[in-house]
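Reading the structure
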Amino acid sequence: MLRVLAVDDEKPALEELLYLLRSDARVHSAEGATDATEALRRISRALDAGPDGEDGVDVVFLDIHMAGLTGLDVAKLLAGFARPPLIVFVTAHEGFAVQAFDLKAVDYVLKPVRRERLAEAVRRVSDLVGPARDPRQPAPAPAPASTSTSAPVPSPAATAAPAVHTETPDQIPVELGGVTRFVAIDDIAYVEAQGDYARLHTADGSHLVRIPLSTLEERWAARGFVRIHRSHLVALGRIDELRLDAGTTTVRVGTAELTVSRRHARQLRDLLMRHARG
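The rules behind the values
- Residues numbered from 1 in each chain as written.
- Predicted model: local features only at pLDDT ≥ 70, side-chain atom pairs only at ≥ 80, totals over all residues.
- Heavy atoms only, no water.
- Helix = DSSP H or I, 4+ residues; strand = E, 2+ residues; numbered from the N terminus.
- Buried < 20%, exposed > 50% of the residue type's maximum accessible area, 1.4 Å probe, protein only.
- Contact = heavy atoms within 4.5 Å.
- Areas by Shrake-Rupley, 256 points an atom, 1.4 Å probe, with all protein chains shown as cover.
- Pairing = 2+ DSSP bridges.
- Axes fitted to C-alpha atoms, helices over the stretch in contact; angles between N-to-C directions.
- Salt bridge = Lys/Arg side-chain N within 4 Å of Asp/Glu carboxyl O.
- Expected span 1.5 Å × (residues − 1).
- Arc of directions from axis to C-beta.
- Polar contact = N/O pair within 3.5 Å; in protein donor to acceptor, adjacent residues only side chain to side chain.
- Core = buried A, V, L, I, M, F, W, Y, C linked by side-chain atoms within 4.5 Å.

1. Here's the deal with the overall build of the chain
- Tallying secondary structure elements over the chain gives 8 helices and 15 strands in all.
- Burial analysis of the chain (278 residues in total) assigns 40% to the buried set.
- In the chain, the proportion of contacts linking residues at least 24 apart, taken out of those at least 6 apart, comes to 54%.
- Only carbon and sulfur atoms are counted for the fraction: they give 52% of the accessible area of the chain, which is about 16,100 Å².

2. Looking at the sheet that holds strand β15 (residues 256-260)
- Strand order in this open sheet of 3 strands is β13-β14-β15, and the pairing throughout is antiparallel. Edge positions in the open sheet fall to β13 (241-245) and β15, since each of these has one partner strand only. Along the sheet, successive strands turn relative to each other by an average axial angle of 30 degrees, direction set aside.
- Strand direction decides the pairing type here: β13 and strand β14 (residues 248-253), joined by 5 bridges, are antiparallel. Among the inter-strand pairings, Glu241 is bridged to a residue of β14, identified as Arg252.
- Strand contacts of helix α8 (residues 262-277): β13, β14 and β15, with the helix running at about 115 degrees to β15, the strand carrying the most contacts.

3. Quick notes on the pattern of salt bridges
- If you walk through the whole model with that rule in mind, you get 16 salt bridges.
- Note that Arg3 is salt-bridged to Asp58, the shortest N-O span being 2.9 Å. Of this pair, Arg3 sits in strand β1 (residues 2-7) while Asp58 sits in the loop between α2 (36-49) and β3 (59-62), and the two are 55 residues apart along the sequence.
- With its nearest N and O atoms 3.0 Å apart, the salt bridge here joins Arg124 to Asp107. Of this pair, Arg124 sits in helix α5 (residues 115-129) while Asp107 sits in strand β5 (residues 107-110); the two residues are 17 residues apart in sequence, bridging distant segments of the chain.
- Classification of Asp107 by relative accessible area gives buried; the value is 1%.
- Through salt bridges that share partners, Asp107, Arg117, Glu120, Arg123, Arg124 and Asp127 make up one connected network.

4. Description of the pairing of β15
- Here β15 shows a buried face lined by Ala256, Leu258 and Val260 and an unburied face lined by Glu257 and Thr259.
- Hairpin connection of β14 to β15: 2 residues between the antiparallel strands, including Gly254 at a positive phi of 65 degrees.

5. Quick notes on the sheet that holds strand β11 (residues 225-229)
- A sheet is described by the order of its strands in space; here 5 strands give the open sequence β10-β9-β8-β12-β11, paired in antiparallel fashion. Each edge of the open sheet is held by one strand with a lone partner, namely β10 (205-209) and β11. Taken pair by pair, the neighbouring strands of this sheet meet at an average axis angle of 25 degrees, ignoring direction.
- As defined by bridge partners, β11 adjoins strand β12 (residues 232-235) across 4 bridges and the pair is classed as antiparallel. The residue bridging Phe225 from the neighbouring strand is Ala235, located in β12.
- Helix α7 (residues 213-220) rests against β8 (188-194), β9 (197-202), β11 and β12 of the sheet, and its axis sits at about 150 degrees to β8.

6. Side note on α2
- The end-to-end C-alpha separation of α2 is 20 Å, in line with the 20 Å expected for 14 residues at 1.5 Å each.
- Turning to α2, its buried residues number three or more, namely Ala36, Ala39, Leu40, Ile43 and Ala46. For α2, the arc enclosing every buried residue in end-on projection is 125 degrees, short of the 170-degree limit, so these residues lie on one face. Pointing more than 90 degrees away from the buried face of α2 are the exposed residues Arg41 and Asp48.
- Where α2 begins, the side chain of Asp35 points an oxygen toward the backbone nitrogen of Thr37, at a separation of 3.1 Å.
- Among the residues trailing α2, Gly50 stands out with phi positive, at a value near 90 degrees.

7. Topic: unusual backbone geometry
- A cis amide bond links Lys111 with the next residue in sequence, Pro112, at an omega value of -5 degrees.
- Along the chain, Pro112 falls in the loop between β5 and α5.
- Even without a glycine there, the phi angle at Ala246 is positive, about 55 degrees.
- On the secondary structure map, Ala246 appears in the loop between β13 and β14.
- Given a relative accessible area of 79%, Ala246 falls into the exposed group.

8. Examining the nonpolar core
- Residues Leu5, Val7, Val60, Leu62, Phe89 and Tyr108 are the most contacted members of the largest nonpolar core, which totals 27 residues.
- Going through the elements one at a time, β1, α2, β3, α3 (71-78), β4 (86-91), α4 (97-102) and β5 are the ones with two or more residues in this core.
- With 5 residues, the single largest contributor to this core is α2.
- Listed in part, the 20 residues of the second largest apolar core include Leu17, Val27, Leu118 and Val122.

Keep in mind these numbers describe shape, not what the thing actually does.
This is how it looks when you write it as structure tokens:
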């Protein structure tokens, strides 16, 4: 089972996070630290004790805005260790997601923390840590090979009732401030790459999702989205203007002007001509 260290300099937020973590059956222990210095001291002690030590830490749930060293500073320091614990950022600020995943964070949970969203982060960590076991118990012996032909017993997750609202081919879920919204793909004008994330631009604003641009390019090709640059994917029907100026091709999508790379310029012109003919 997971050994967790939660770090937040706001005591009420830390206590709530610890309560939720300790309520999860996959968590063996959850301890708290109120500043980066204390957190680093505990992590160093855990690393000195070894992965199976009583003070071991599998994952750190880490706030970003803290007095002194920030959560991002702590993550950068941990990256220098040979076997650092995994990191999940827990913050009220959406704007640090790209930096967080550049630091190899497993997840990025927005405050106020919802139980089901935190459970998803714990699941991701648990999948990476491997088969859970109590660190005080010896590792179980390998199970003998089985020749049974019976079907495997489905996991509880596989037999659970479906969620009330799930993603459909016409929507994509986005999370903001602990609330999940479902954005219609037809409302998205263009998509901007931001590291392992993509920012979806609509008339109402923008939304960050943890999906690479290449994945969206493949998934939405049949819906008229085309790659115009390594950083941009655009809905053909949302292009208002194509301009060629001094060898540089740009498109206007609403109020945004986006550069088209040379390798994509000819294909885009052909697609726009076909689209215009209907």
